[in-house]
Amino acid sequence: MPMLLALGMLVASWRSEELTQAQAQLLSHAVLTTERLQALQTQAILILELLALQEWLPDEPEQCLAQVQRTLAILPRSFANLLVIDPTGQVLCNAKAPEKRHNLADRDYVQRALAEQATGVGGLIIGRTTGTPVIGLASPHKAADGRITYLLGTSIELGEIVADLKERLPPATQWWLLDGQNQVLASADPAAYPLGQAFTNHHLLRDIEEKGEHLTLRHTDAKGQLWLVSHMALGKNAIGDRLILARPATIVLEPVNTIMAQAGAILLAALLFTLLLAWWVAHRFSKRRITPLLTALQHIEYGDFTVRLPHRGGQDELDRLAQAIDHMAKTLQAQDERIRHQQAELVYQAQHDPLTGLPNRLMIANDFAKTSAKAKRLGERIAILMLDLDHFKTINEGRGHSMGDRLLVTLATRLRQVLREEDTLARIGGDEFLILLEGITRDEQVIETLKRIQQMFKEPFLVDGEPFELTASIGIALYPNDSIEFERLMQQADAALHQCKSEERNSYRFFAPQLTEAAEARLAMEQMLRDALRLGWFELHYQPQARLADGQRVGVEALLRLRHPSKGLIPPGQFIPVAEESHLIITIGAWVIKEACQQMARWRKAGQAPAYVAVNIAARQIVHDDLPATVRAALQESGIPSECLEIEVTEASFLKNTEEVLAKLKALHAIGVRLALDDFGTGYSSLAYLRRLPLDRLKIDQSFVRDMLHDKHDEAIVRAIIQLGQALELEVIAEGVETNDQAKHLLALGCPLGQGYLFGRPQPA
Ligand code: C2E
Ligand code: MG
Ligand code: MG
């Protein structure tokens with residue numbers, strides 16, 4: 001912009017200078033022309049005055065004519081004519097047109113010559129004889145008395161001056177030579193302005209009138225034409241003769257305009273280029289900086305308020321925009337976090353019991369779909385335990401709700417402690433809790449939890465150091481046995497709970513009655529086992545093992561019996577499984593080993609001892625007891641040699657924790673104890689174990705022996721086991737031998753030993 005302004009100012013001053021110069025040029029031409037005209041005039045006056053001194057014989061026309069003609073021929077070419085005029089203005093002799101004797105009394109130069117008695121010079125006129133623009137001159141010839149006798153006149157032609165003007169003026173310059181009446185006497189374009197035509201530029205003429213007669217006038221008209229009016233000042237009184245010069249400003253300013261047009265074009269191009277460059281730079285620059293802003297806004301639009309823009313520390317609009325976006329993202333993030341937090345809080349509150357912080361019924365119902373789907377996939381059960389405190393109302397009303405609340409909180413804490421990690425505890429009512437036991441594969445797991453809960457209730461609940469005795473009733477429903485729907489299961493657990501309350505508080509009931517019975521029976525059995533251990537109700541019966549060939553006793557198997565004071569003798573089939581599940585088998589088993597060893601010692605002392613006593617060991621016993629230590633202790637205490645003790649294990653023993661079991665059996669074998677594989681053929685163990693086990697004996701299960709005489713397949717199995725034993729160099733003994741035929745056949749098949757009623761029933765020592 002400043003460049004354009006500067007250029008504009010430059011153009012303006014250059015233009016005015018050019019115009020001034022053009023005007024000065026025109027003025028110099030005008031001055032030159034005037035000077036030339038004056039020079040011509042001065043010369044003419046001088047010549048005419050000299051000639052006027054001569055005698056021109058006006059009274060003798062022929063001589064006069066001859067004289068003027070002769071003289072004219074030798075005068076400079078500008079002298080158009082030579083006349084002799086009498087004082088009345090009458091032409092007496094006319095060199096150029098002898099016949100023309102017109103009167104020139106009206107001519108100003110004639111009048112002036114007569115009036116001033118000196119050479120009179122006229123203004124520009126159209127010569128009457130020449131018909132061309134001329135200046136008339138007349139010089140008086142005086143008699144001796146000073147009277148004017150006649151005048152010598154002449155016309156000076158301007159041809160030379162006009163030619164000179166045409167030649168010298170710059171091209172396209174127009175000019176007019178005007179007389180006092182504004183008649184055109186000569187012009188650059190004679191066709192447009194014939195001689196005598198009135199000059200028609202009225203504006204200029206008015207200007208000339210207004211500005212005064214003698215001034216040189218400069219004028220630029222509306223069309224940009226430069227005008228110069230120069231007064232020729234020919235003679236004193238020759239006012240009104242003017243030279244008008246005109247030049248179109250367009251031509252004068254042509255070089256300025258051309259150069260300026262070029263400069264303008266260059267400037268415009270530069271400007272355009274600069275603008276384009278600026279646009280391109282701005283575009284690239286802003287794009288580079290705007291893209292991250294747009295990306296950030298997109299992130300914000302999609303809810304990602306963690307987006308942050310790098311701060312350049314600048315202060316332009318984009319920087320401020322980036323800061324604003326950053327600020328907005330931070331604010332939104334804070335708001336979002338607050339909302340999320342509040343939402344989580346609300347969700348938590350909606351799903352939890354405010355007193356204990358435990359999940360409420362809603363949450364447990366929501367989770368059940370997931371929990372049950374998992375159970376279904378794994379083929380497991382879920383137990384729903386609904387627990388209600390007995391007579392809690394009494395505490396609440398008697399000791400106040402605040403005390404009641406604290407008691408509930410304590411209870412919740414204690415309950416949580418007796419449950420497994422994967423079990424869910426919820427509070428679903430005032431003194432009502434719901435427990436979800438997941439991953440149930442055996443009913444005993446439920447019973448075990450119930451027992452732990454009941455055990456927990458036996459301890460008083462301390463609130464502010466004050467003990468409270470509480471009991472609870474529990475109703476249980478099982479998924480999927482009772483139902484697969486949560487609401488239904490809740491109803492069933494509730495029904496069981498109510499039954500419990502109406503029949504016997506401080507107890508539990510399954511929704512399925514048989515489960516309650518089974519659970520109760522099992523519990524009773526456990527209690528009985530504990531009593532048996534404590535009160536010494538266990539006893540061992542011994543069954544002989546004999547050589548089939550001659551019935552000679554080789555050893556005995558110790559078989560456990562429970563002699564209940566009122567129920568009598570209870571077979572192991574009824575209590576061993578319960579003992580195994582409750583882990584009581586470990587204490588019981590240790591007692592059996594100890595007792596068998598001691599009996600062996602007694603026999604040995606009495607001198608009627610069998611070669612060995614075989615003891616049955618349950619699978620769980622091997623895993624959970626330090627069996628080698630127990631055996632070592634029993635042997636030590638009884639003082640019998642280790643080969644007098646045989647350990648019977650079943651295939652079930654090494655189905656789980658195989659390596660651990662193998663290690664323990666090897667340790668036992670290292671002590672010198674014999675190992676027998678009981679009930680062989682009924683388990684699912686791989687024969688590969690047989691090679692890894694440090695076995696001494698295989699016991700063919702009695703189920704094969706029972707029908708071997710009538711069932712080919714059983715016989716084949718028995719035969720195969722005997723052969724296997726022989727191949728592995730293991731002693732084979734057949735169980736359940738009841739008849740002689742069986743004994744004979746077994747012997748025939750290669751089995752040397754047998755155990756069964758044929759040789760003796762299990763009997764006390
Ligand atoms: P088992 O080790 O196979 O014991 C042999 C069982 O067969 C005994 O039953 C025995 O009385 C019975 N029996 C013996 N001869 C004959 C016969 O000719 N015919 C018939 N029908 N049965 C016969 P019991 O004493 O009832 O023992 C059953 C199972 O209890 C035993 O099977 C053993 O696995 C387990 N058991 C016994 N005592 C103990 C023990 O102290 N600890 C452990 N863990 N299990 C024991
Ligand atoms: Mg046995
Ligand atoms: Mg057996």
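For clarity, every value in this text was computed on a predicted model and none was experimentally measured.

Chemist: Summarise the overall build of the chain; cite the residues concerned and give the values.
Modeler: Broken down by element type, the chain carries 23 helices and 27 strands. Over its C-alpha trace the chain gives a radius of gyration of 76 Å, far above what one expects of a compact globule, namely 27 Å for 765 residues. Split into buried and exposed, the 765 residues of the chain put 47% on the buried side. The long-range share in the chain, meaning contacts at least 24 apart out of those at least 6 apart in sequence, stands at 61%. Accessible area of the chain: about 38,900 Å², with a carbon and sulfur share of 55%. Taking the average location of the 79 positive side-chain charges in the chain and that of its 94 negative ones, the two points are 3 Å from each other.

Chemist: Just give me the short version of the sheet that holds strand E2 (residues 91-94), but keep the residues and values in it.
Modeler: Two strands in a sheet stick together by hydrogen bonds in their backbones, pointing the same way (parallel) or opposite ways (antiparallel). Taken in spatial order, the five strands make up an open sheet running E2-E1-E5-E4-E3, and their pairing is antiparallel. Bordering the open sheet on either side are E2 and strand E3 (120-126), each of which pairs with just one other strand. The sheet shows a mean angle of 25° between the axes of neighbouring strands, taken without regard to direction. In terms of strand pairing, strand E1 (residues 79-85) meets strand E5 (residues 148-157) through six bridges, oriented antiparallel. What sits directly across from Phe79, in E5, is Ile156. Set on the sheet, helix H2 (residues 61-74) makes contact with E1 and E2; between it and E1 the angle comes to about 155°. Against the sheet, helix H3 (residues 108-116) makes contact with E3, strand E4 (133-142) and E5, and its axis sits at roughly 170° relative to E3, the strand it touches most.

Chemist: So, the pattern of salt bridges: which residues are in play, and what are the values?
Modeler: Enumeration according to the criterion identifies 36 salt bridges in this entry. Of the charged contacts in the structure, one is a salt bridge between Asp353 and Arg427, with a shortest N-O distance of 2.9 Å. Of this pair, Asp353 sits in the loop between helix H8 (317-351) and helix H9 (361-378) while Arg427 sits in strand E12 (residues 424-427), and the two are 74 residues apart along the sequence. Relative accessible area serves as the criterion here: at 13%, Arg427 is assigned to the buried category. A salt bridge links Glu715 to Arg719; the nearest nitrogen and oxygen atoms lie 3.2 Å apart. With Glu715 and Arg719 both in helix H22 (residues 712-727) and four residues apart, the pair spans about one turn of that helix. A relative accessible area of 36% places Arg719 in the partly exposed class. A single salt-bridge network, built from bridges that share partners, covers Arg442, Glu444, Arg522 and Glu581.

Chemist: Summarise the coordination of the magnesium ion (ligand 2); cite the residues concerned and give the values.
Modeler: In the first shell of the magnesium ion (ligand 2), the protein supplies Glu557 (OE), Asn616 (OD1), Glu648 (OE) and Asp678 (OD), at 1.9 to 2.4 Å from the metal. Between the donor residues of the magnesium ion (ligand 2), the gaps in sequence give the motif E-x58-N-x31-E-x29-D. Here the magnesium ion (ligand 2) and the magnesium ion (ligand 3) are spaced 3.9 Å apart, linked through Asp678, which binds each one. Here Glu557, found in strand E19 (residues 553-564), pairs with Asp678, found in strand E23 (residues 674-680); they are 121 residues apart in sequence, far enough to count as distant. Asp678 shares its class with Glu557; the two are buried.

Chemist: Break down the sheet that holds strand E11 (residues 381-389) for me, with residues and values.
Modeler: In spatial order, the strands read E12-E13-E11-E16-E17; together these five strands make up an open sheet with mixed pairing. Strands with a single pairing partner mark the edges of an open sheet, and in this sheet they are E12 and strand E17 (508-510). For this sheet, the mean inter-axis angle between neighbouring strands, taken without regard to orientation, is 20°. With three bridges connecting them, strand E16 (residues 472-479) and E17 associate as parallel partners. Bridged to Gly475 within E17 is Arg509. Packing against the sheet, helix H13 (residues 486-503) makes contact with E11, strand E13 (432-440), E16 and E17, and its axis sits at approximately 145° to E16.

Chemist: Residues and numbers for the coordination of the magnesium ion (ligand 3), please.
Modeler: Around the magnesium ion (ligand 3), the donor atoms from the protein are Asp678 (OD), Asp679 (OD), Glu735 (OE) and Glu735 (OE), and they sit 1.9 to 2.7 Å away. Expressed as a motif, the donor residue spacing for the magnesium ion (ligand 3) is D-D-x55-E. Looking at Asp678, the relative accessible area reads 5%, which means it is buried. For Asp679, a relative accessible area of 25% gives the class partly exposed.

Chemist: How would you explain the site of ligand 1 if you had to name every residue and give the values?
Modeler: Around ligand 1 sit 21 residues, and of these Gln543, Arg561, Asp678, Gln702 and Glu738 come closest. At 2.9 Å, a side-chain N or O of Glu557 approaches an oxygen atom of ligand 1. Glu738 is positioned with one of its side-chain polar atoms (N or O) 2.5 Å from a nitrogen atom of ligand 1. Protein contact buries 81% of the 790 Å² of open area that ligand 1 shows by itself. Elements represented by at least two residues in the shell around ligand 1 include exactly E19, helix H15 (572-581) and E23. For the shell around ligand 1, the leading source of residues is E19, giving four residues. Grouping the amino acids of the shell around ligand 1 by side-chain chemistry returns nine nonpolar, five polar and seven charged.

Chemist: Describe in detail the state of the cysteines, supporting the description with residues and values.
Modeler: By the definition in use, this model includes one disulfide. Here Cys64 engages in a disulfide with Cys93; their sulfurs sit 1.9 Å apart. Disulfide Cys64-Cys93: torsion about the S-S bond near 130°, hence right-handed. Of this pair, Cys64 sits in helix H2 while Cys93 sits in strand E2, placing them 29 residues apart in sequence. In this pair, the class of Cys64 matches that of Cys93, namely buried. In this structure Cys644 is a free cysteine whose sulfur lies 9.0 Å from that of Cys597, the closest cysteine sulfur available. We classify Cys644 as buried; its relative accessible area is 5%.

Chemist: Summarise helix H23 (residues 740-749); cite the residues concerned and give the values.
Modeler: Inspection of H23 places Gln742, Ala743, Leu746 and Leu749 among the buried residues, and these make up the whole buried set. For H23, the arc enclosing every buried residue in end-on projection is 125°, short of the 170-degree limit, so these residues lie on one face. Of the exposed residues in H23, those oriented more than 90 degrees away from the buried face are Asn740, Lys744 and Ala748. Tucked into the core, H23 has its buried residues touching helix H21 (702-706), H22 and strand E25 (731-734). Trailing H23 by a residue or two, Gly750 shows a phi angle of about 105°, which is positive.

Chemist: Describe the environment of Pro628, naming the residues involved and giving the relevant values.
Modeler: Examined against the element boundaries, Pro628 turns out to sit in helix H18 (residues 627-638). Under the relative-accessibility criterion, Pro628 is labelled buried at 7%. Spatially, the C-alpha atoms of Pro628 and Gln702 are 29 Å apart, while their sequence positions differ by 74 residues. For Pro628, the contacting residues outside a window of four places in its chain are Lys664, Ala667, Leu668 and Ile671.

Chemist: Outline the domain arrangement of the chain, listing residues and values.
Modeler: Under the domain assignment used here, the chain contains domain 1 (166-252), domain 2 (361-511) and domain 3 (542-560 + 589-764). The gap between the C-alpha centroids of domain 2 and domain 3 is 46 Å.

Chemist: Explain the pairing of strand E21 (residues 612-616) residue by residue, including any values.
Modeler: In terms of burial, E21 is a largely internal element, four of the five residues being buried. Bridge analysis of E19 against E21 gives four bridges, and the strand direction is parallel. Note on E21: the bridge partner recorded for Gly555 is Tyr612. The pairing of E21 with strand E22 (residues 645-650) spans four bridges and is classified as parallel. Note that in E22 the partner of Val613 across the bridge is Leu645.

Definitions and cut-offs
Residues numbered from 1 in each chain as written. Chains lettered and ligands numbered in written order. Predicted model: local features only at pLDDT ≥ 70, side-chain atom pairs only at ≥ 80, totals over all residues. Heavy atoms only, no water. Helix = DSSP H or I, 4+ residues; strand = E, 2+ residues; numbered from the N terminus. Rg over C-alpha atoms; globule rule 2.2 N^0.38 Å. Buried < 20%, exposed > 50% of the residue type's maximum accessible area, 1.4 Å probe, protein only. Contact = heavy atoms within 4.5 Å. Areas by Shrake-Rupley, 256 points an atom, 1.4 Å probe, with all protein chains shown as cover. Lys, Arg positive; Asp, Glu negative; His and termini not counted. Charge placed at Lys NZ, Arg CZ, Asp CG, Glu CD. Pairing = 2+ DSSP bridges. Axes fitted to C-alpha atoms, helices over the stretch in contact; angles between N-to-C directions. Salt bridge = Lys/Arg side-chain N within 4 Å of Asp/Glu carboxyl O. Donors = N, O, S within 2.8 Å, 3.2 Å for Na, K, Ca; no water. Near = heavy atom within 4 Å. Polar contact = N/O pair within 3.5 Å; in protein donor to acceptor, adjacent residues only side chain to side chain. Nonpolar A, V, L, I, M, F, W, Y, C, P; charged D, E, K, R; others polar. Disulfide = S-S within 2.5 Å. Arc of directions from axis to C-beta. Domains from an automatic or database assignment.

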